[in-house]
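Here is how the chains run, residue by residue.
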Amino acid sequence: MKQFILFSITLLLVLGLSCGNKEGNVIRIGLIIPITGDVKTFGESVRNSVILAVSEANAKGGVNGKLIKIISADDKNDPTEAANAGSKLINQDKVKFVIGSVASKSSIPLSEICQESKVVMITPTSTNPKVTVRDDGTRKDYVFRACFIDPFQGTVAAKFAVEYLKAKRAAVLYDKSNDYSTGLADFFKDNFTKNGGVISIFESYGKDDVDFSALLTKVRADKPDILFLPDYYTKVGLITKQARALGITAKFLGGDGWDSPEMTKIAGDAINGGYFTNHYSPQDPRPEVQEWVSKYQAKYGQKPDALGTLGYDATNLLIEAMRAAGTEKPEAVRDALVKMSNFPTVSGNITFDAFGNPVKSAVILEYQNGEQRYVTQVQP
Ligand code: PHE
């Protein structure tokens, strides 16, 4: 029996591989993520989970009788690199589907290229509205995402600051070169003000800045209740550390960009007591979440962060749309995505709004003793 099983597995592998080598029997999906550069844990998490989703699908025979092959490219968290990677995958490797990128500033130029080439793109994690919508308000109809958007994230953070933290005065520091950071800063500001709060400082820094003492000295003199930091973990780690060293006592608050196992290594104790909005918590007791967490942990030796979870969800969305369409014609897969209704993913059930954005809940997490602790969930 054992031998038979072994033989069958070998046969399946051989068949799978030989089918896989024939052009017509493989569906190529481009994966564009930051695997080097300043936010590489983001890319690593997404890559891990995309590989997991694809190997699960391939183990069940693939989709529409074809195996899926991932062709990945590193965008180094750089918009130009992301655009170049998109052009290469589309023109040379002839991919018709792209998963990526992670950062909104990379996904925005990438979305232009995918839209132009009628290639279906799903970003797992990019939350800026401009990824799926042009400046004139029209929809890029080949572009979707698996996450909520920043107007919602900014609303959740502002309400939490006012209602839960009882904040009246907030300072905001953001990276002016980063669409995610500028967008979330604005959405927080609007909503905090709407909820009766005062934004006392609203200032920016540059992409390569590492010394924030000039800005932080202003913040210290202003004595805000909250310091809102809508940026990624590398910058937030430095800023929070320098802020505490200067004696700033404001509570720190931020967004999904805080989610990284590297955060506490960079910030040290300074990040403890800081709150941030996110897409999911591994402490969510729902069975589908717990099953996913143990599956990921068994394979990669750590719990999936939100990026890992959204990468898995985005891949399954795309696979399901191909299955529902019964073909890999990008136009048909796009239409199947539009029609998707309450498709169950780990981070929540997905139905797209008119702009390719899922309407989903957010969670608020707190860093405590270097770990993330679940605080609450907020419905849209
Ligand atoms: N939302 C971020 C962006 O749009 C990316 C991100 C998502 C980072 C989730 C961390 C966790 O740029």
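Heads up: the structure comes first, above all this text.
Per chain, the residues get numbers from 1 upward, laid out in the order the sequence is written. This being a predicted model, a pLDDT of at least 70 is required before a residue's local features are given, and a value of 80 or more before pairs of side-chain atoms are given or counted; all residues contribute to the totals for chains, interfaces and linings. Side-chain measures were taken over the full set of non-hydrogen atoms in the model, leaving aside hydrogen atoms and water.

Asks: I keep staring at the pairing of strand β8 (residues 226–229) and nothing clicks. Help me out?
Replies: Side chains Ile226 and Phe228 of β8 all project onto a buried face; the interleaved residues Leu227 and Leu229 project onto the opposite face, where all are buried too. Pairing of strand β6 (residues 169–175) with β8 involves three bridges; the strand directions are parallel. By the bridge assignment for β8, alanine 170 is matched with isoleucine 226. At least two bridges found by DSSP between two strands are what make those strands a pair. Only DSSP runs of H or I with at least four residues qualify as helices, and only runs of E with at least two residues qualify as strands; both kinds are numbered from the N terminus onward. Bridging between β8 and strand β9 (residues 251–254) involves four bridges; their strand directions are parallel. By the bridge assignment, leucine 227 is partnered in β9 with phenylalanine 252. Place the viewer so that the strands point away; then a crossover is right-handed whenever the path from the first strand over the helix to the second strand goes clockwise. Handedness of the crossover is the feature at issue here: the chain leaves β8, passes through helix α8 (residues 233–245), returns alongside β9, and the resulting connection is right-handed. Accessibility here uses a 1.4 Å probe with only protein chains present; expressed as a share of the type maximum, an area under 20% marks a residue as buried, one over 50% as exposed, and anything in between as partly exposed.

Asks: Looking at this structure, how should I read the site of the ligand?
Replies: Any residue with at least one heavy atom within 4 Å of a molecule or strand is counted as near it. Near the ligand there are 13 residues, and of these Ser104, Thr125, Thr127, Tyr232 and Asp256 occur at the shortest range. Polar contact is defined as a pair of N or O atoms within 3.5 Å, subject to the rule that within protein one atom must be able to donate a hydrogen and the other to accept it, and that residues adjacent in sequence are counted only when both atoms are side-chain atoms. Here a nitrogen atom of the ligand and a side-chain polar atom of threonine 127 are 2.7 Å apart. Within the side chain of tyrosine 232, an N or O atom sits 2.6 Å from an oxygen atom of the ligand. Working definition of accessibility: Shrake-Rupley area with a 1.4 Å probe, residue cover restricted to the visible protein chains. Protein chains bury 100% of the 330 Å² of accessible surface belonging to the ligand in isolation. Put plainly, a pocket is an open set of points on a 1 Å grid over the protein atoms alone with protein on both sides within 12 Å along at least five of seven lines, a cavity is a set where a 1.4 Å probe fits but cannot get out, and a lining residue has an atom within 4 Å of a point. Think of it this way: a molecule belongs to a cavity or pocket when more than half its atoms come within 2 Å of the grid points there. Comparing atom positions with the cavity grids shows the ligand to sit within the largest cavity. Only Asp, Glu, Lys and Arg are considered charged, only Ala, Val, Leu, Ile, Met, Phe, Trp, Tyr, Cys and Pro nonpolar, and every remaining residue, Gly among them, polar. Of the residues in the shell around the ligand, the class split is six nonpolar, six polar and one charged. What counts as a domain boundary in this text is fixed by an automatic or database domain assignment. Two domains each provide a minimum of three residues to the shell around the ligand, namely domain 1 (5–148 + 286–349) and domain 2 (150–278 + 363–378).

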